[in-house]
Amino acid sequence: MSRYNRQIKLTEVGLEGQEKLRNAKVLLVGVGGLGCPAAMFLAGAGVGKMGLMDHDKVDMSNLHRQVLFQESDVGKSKGVVAKERLEKQNSEVQFEVYEEPLTIENAKSIIQQYDVVLDGTDNFETKYLINDACILADKPWVFASIYKNEGQLSVFNYQNGPTYRCVFPKSTRQNISCEATGVLGVLPGILGTLQAAEVLKIILGVGKVLSGKLKLINMMQASEQTININKRPEEVEKIRKSGIAPVYIDCDLKNKEQWYLDVREVFEQPKPKGKKVLSIPLSDLTSRYQEIPNNQEVLVFCQSGKRSKNAIEILKNEFGFHNLKNVEGGIETIIDG
Amino acid sequence: MKVTIKYFGLVAEAADKYEEVLELNGALIASELKAQCLNGLSIADKDSVQIAVNQNLDDTTTIKDGDEVALLPPFAGG
């Protein structure tokens, strides 16, 4: 126990609190800019079981903010690398890796196995999914999100308190990730660490939990503000009655006459509508390339322009396509509106 | 009456400021003030922006002299 004695000394923790931590189970959805620092502090504090969920692989551009990863990890599964690294930090913690996205199908059954959920995601669909699944499973979740130099933080569904839908009842298509806008590594570092602090307070049952409040942090302006939020009972009741409300964010692409090929996974959003938009995930290309027209120009896109570039290489080199053009900036650059 | 408006995220970016003091005439409820502030700003999804008056999220309050209003878009990054 000597590893925990600096925190056991606190009256808020003590031996009893340390036992609570050892018996606690925390699910981290997303092990990225927010999830990495949160995971390190929670593992350090001796949380008994941690679920590490991420379907993504480490990229060189992650390293400035995703502090669990090293250069030699590029290309490897984030969840697997995080587990290896965190086990070295604290071998007393039990880790469970999920190399799959959170979906409508698996959300409730996975979340039910944990006491608290920490949201380290970078998109609205998954935030609403976590929210709805937590309402159904009756679990609190610690939310954080970032836009450039600003962050938002709150604890939702805590002791029957307000939920994400009570703040933002309607989802939006403006799904702007850190990849798209840019971010300094310290900001998710700050937010992820604050999320870990909320998780610890929830487990220990001490202090004031940031429930019913939305904290706004502007790192560049060195300013902070807290907004009071009320529960919208009808929003929560709707989910309790009819289950998870999937957020399908559809959109139109600029040119209706143009052929497009979407190589993102089927769960990625927004989903463009239109007869000339093909959806074939990168991993299915070699089995489904015949569906792609080869006699007129096809614009190939993904979220950022990276995977679509790979897709074009494969289709060109292996199947002789010469009519494909990459959408460099990803889907956001070709959406109408 | 004078009202302080605080802008956040992409609303601050579209307005090109974090804060301003507006001189308003006549009675306004928060949702009307929100529409007025966002009018002309290049924001694709104005419905998703929430309004807080004196640090309380509520778009039905009547705006009073000296109120501090915050316009909050949702953030997605992580």
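Residues numbered from 1 in each chain as written. Chains lettered and ligands numbered in written order. Predicted model: local features only at pLDDT ≥ 70, side-chain atom pairs only at ≥ 80, totals over all residues. Heavy atoms only, no water.

Some words on the packing of aromatic side chains
Residues and elements named next belong to chain A.
Link 1 in the chain: With the rule as written, the count across this model stands at 11 aromatic pairs over all chains.
Link 2 in the chain: The interplanar angle of 40 degrees and the centroid separation of 5.2 Å between the aromatic rings of Phe 143 and Tyr 164 together place this pair among those described as tilted. Here Tyr 164 lies in helix α7 (residues 164–167) and Phe 143 lies in strand β5 (residues 141–147), a separation of 21 residues in the sequence.
Link 3 in the chain: Owing to a relative accessible area of 0%, Phe 143 belongs among the buried residues under this scheme.
Link 4 in the chain: On the basis of relative accessible area, Tyr 164 is assigned to the buried category, the value being 0%.
Link 5 in the chain: Through successive ring pairs, a cluster of aromatic residues spans Tyr 128, Trp 141, Phe 143, Phe 156, Tyr 164 and Phe 168. (Phe/Tyr/Trp six-rings, centres within 6.5 Å; stacked < 30°, edge-to-face > 60°. Helix = DSSP H or I, 4+ residues; strand = E, 2+ residues; numbered from the N terminus. Buried < 20%, exposed > 50% of the residue type's maximum accessible area, 1.4 Å probe, protein only.)

Considering unusual backbone geometry
Link 1 in the chain: One non-glycine residue, Asn157(A), lies in positive phi territory at about 55 degrees.
Link 2 in the chain: With respect to the element layout, Asn157(A) can be found in the loop between β6 (150–156) and α7.
Link 3 in the chain: One non-glycine residue, Asn54(B), adopts positive backbone phi at about 50 degrees.
Link 4 in the chain: In this structure Asn54(B) comes out as partly exposed when scored by relative accessible area, which is 29%.

Here we look at the domain arrangement of chain A
Frequently, the measure chosen for interface size is the accessible area that the parts lose on association.
Residues and elements named next belong to chain A.
Link 1 in the chain: Assigned domains within chain A: domain 1 (2–242) and domain 2 (250–333).
Link 2 in the chain: For domain 1 and domain 2, the distance between their C-alpha centres works out to 33 Å.
Link 3 in the chain: Both sides together, the interface formed by domain 1 and domain 2 hides about 560 Å², and carbon and sulfur atoms give 55% of it.
Link 4 in the chain: There are 1 salt bridge connecting domain 1 and domain 2.
Link 5 in the chain: Between Asp 59 and Lys 306 there is a salt bridge, and its shortest N-O distance comes to 3.4 Å.
Link 6 in the chain: At the junction of domain 1 and domain 2, the tally comes to 1 residue pair in polar contact (both at pLDDT 80 or more).
Link 7 in the chain: Of the residues assigned to the side of domain 1 that touches domain 2, the class counts are 1 nonpolar, 3 polar and 3 charged. (Domains from an automatic or database assignment. Buried area = accessible area lost by both parts, 1.4 Å probe. Salt bridge = Lys/Arg side-chain N within 4 Å of Asp/Glu carboxyl O. Polar contact = N/O pair within 3.5 Å; in protein donor to acceptor, adjacent residues only side chain to side chain. Nonpolar A, V, L, I, M, F, W, Y, C, P; charged D, E, K, R; others polar.)

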